[in-house]
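# Reading the structure
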Amino acid sequence: MTAAGRHRSTLVVVLCITASVMVLQVVGALLSGSLALLADAGHMLTDATGLLIALLAVNLAARPATDRRTFGWQRAEILAALVNATVLAAVGVLVVREAFLRWDAQPEIEDGLMLGVAIAGGLANAVCLVLLARAAGESLNMRGAYLEVLGDLLGSVAVVVAAVVVMTTGWVRADAVASLVIGLLIVPRAVMLLRDVADVLMEATPRDVDLARVREHIRSVPGVVDVHDLHAWTITSGVPVLSAHVVLAADRLDHELECTTLDALAACLRGHFDVDHCTFQLEPVGHEHHEGSVHR
């Protein structure tokens, strides 16, 4: 099971809370005339959509591997995160645009209703944040959901502050300022998530795997002369994989010793780098000259 799959029930609970708060904010925005509240509701809508996509991706990722898809549907979680980040960025840009368009307007705002709905939304977001805190460190998909809820919480705080300002000073532009703040909170989070998704899709080395240290550890295994064609990448969050061509000394090239070396290599990487899925090609000294163009 993938990292996100272990927290499926958490996603369901957070989705239900998020959808409920979104409906409350839409109604509150229409009744109070607050753009900031409507912007926060739009943010919640993208979060609810992202959570729904994440749940669908978790179900797809749980499907078994086949000859056609040897890693199953695990990469579906990354594609879900990509869609989520793209939608999030689009909403952020729209919110910023609407905040600037609203600047010169002088709408009537029901500040009491605006404040009450914002506080309710903030409390709900805080509950969701606590639920997602543990899972956020295990899965890119869950991290995306956590960042979205964190942004919602900060957005709710901005709306609360704006409502208090309107209530105490009558400066209605505070509503547009809060909307702008929400938009500026959304865009950087979307960029961060897109960057992480790009790393996985481009099969970049996982950030917690130091290939130089991996190379040293492999070379330290008895009987290993050298290693080349060393690659590490991520299938989906929590599923790093590694492959390498390992050069063995001549006295290790028999079946029993090769099996011993393979066991030692796997145990080394599993123990020091938390990489369970490893593929090693064992070869004699000089064989790399027959391989043509090779990678590092």
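First, a word on what this report is: a plain description of the structure on this page.

Moving on to the nonpolar core. Grouped together as the largest cluster of nonpolar side chains are 23 residues, with contacts concentrated most on Leu37, Met114 and Val159. For this core, the elements supplying multiple residues, two or more each, are helix 2 (35–61), helix 3 (76–102), helix 4 (111–132), helix 5 (140–169) and helix 6 (173–201). With sequence-adjacent residues up to four places away left out, Met114 is seen in contact with Ser32, Ser34, Ala36, Leu37, Ile109, Val159, Ala162, Ala163 and Asp175. One finds Val214, Leu230, Leu242 and Val246 within the second-largest nonpolar core, a separate group that totals 18 residues.

Taking strand neighbours across the sheet as the criterion, the 3 strands line up as 1-2-3 in an open arrangement whose pairing is mixed. What marks the edges here is a single partner per strand, and that holds for strand 1 (224–236) and strand 3 (277–284). Pairwise comparison of adjacent strand axes, ignoring direction, gives a mean angle of 10 degrees for this sheet. Contacting strand 1, strand 2 (239–248) and strand 3, helix 7 (residues 211–220) runs over the sheet at an angle of about 135 degrees to strand 1. Most of the contacts of helix 8 (residues 255–273) go to strand 3, to which it runs at about 140 degrees, and overall it touches strand 1, strand 2 and strand 3.

Across all of its chains, the model carries 7 salt bridges by this definition. For Asp199, the salt bridge goes to Arg207, with nearest N and O atoms at 3.1 Å. Here Arg207 falls in the exposed class, since its relative accessible area comes to 59%. One network of salt bridges, in which partners are shared, links Arg195, Asp196, Asp199 and Arg207.

Our next topic: helix 4. An ideal rise of 1.5 Å per residue puts 32 Å on 22 residues; helix 4 measures up with 31 Å between its terminal C-alpha atoms. Taken as a whole, helix 4 has its buried residues at Asp111, Met114, Leu115, Val117, Ala118, Gly121, Gly122, Ala124, Asn125, Cys128, Leu129 and Leu132.

Rules used in this analysis
- Residues numbered from 1 in each chain as written.
- Predicted model: local features only at pLDDT ≥ 70, side-chain atom pairs only at ≥ 80, totals over all residues.
- Heavy atoms only, no water.
- Core = buried A, V, L, I, M, F, W, Y, C linked by side-chain atoms within 4.5 Å.
- Buried < 20%, exposed > 50% of the residue type's maximum accessible area, 1.4 Å probe, protein only.
- Helix = DSSP H or I, 4+ residues; strand = E, 2+ residues; numbered from the N terminus.
- Contact = heavy atoms within 4.5 Å.
- Pairing = 2+ DSSP bridges.
- Axes fitted to C-alpha atoms, helices over the stretch in contact; angles between N-to-C directions.
- Salt bridge = Lys/Arg side-chain N within 4 Å of Asp/Glu carboxyl O.
- Expected span 1.5 Å × (residues − 1).

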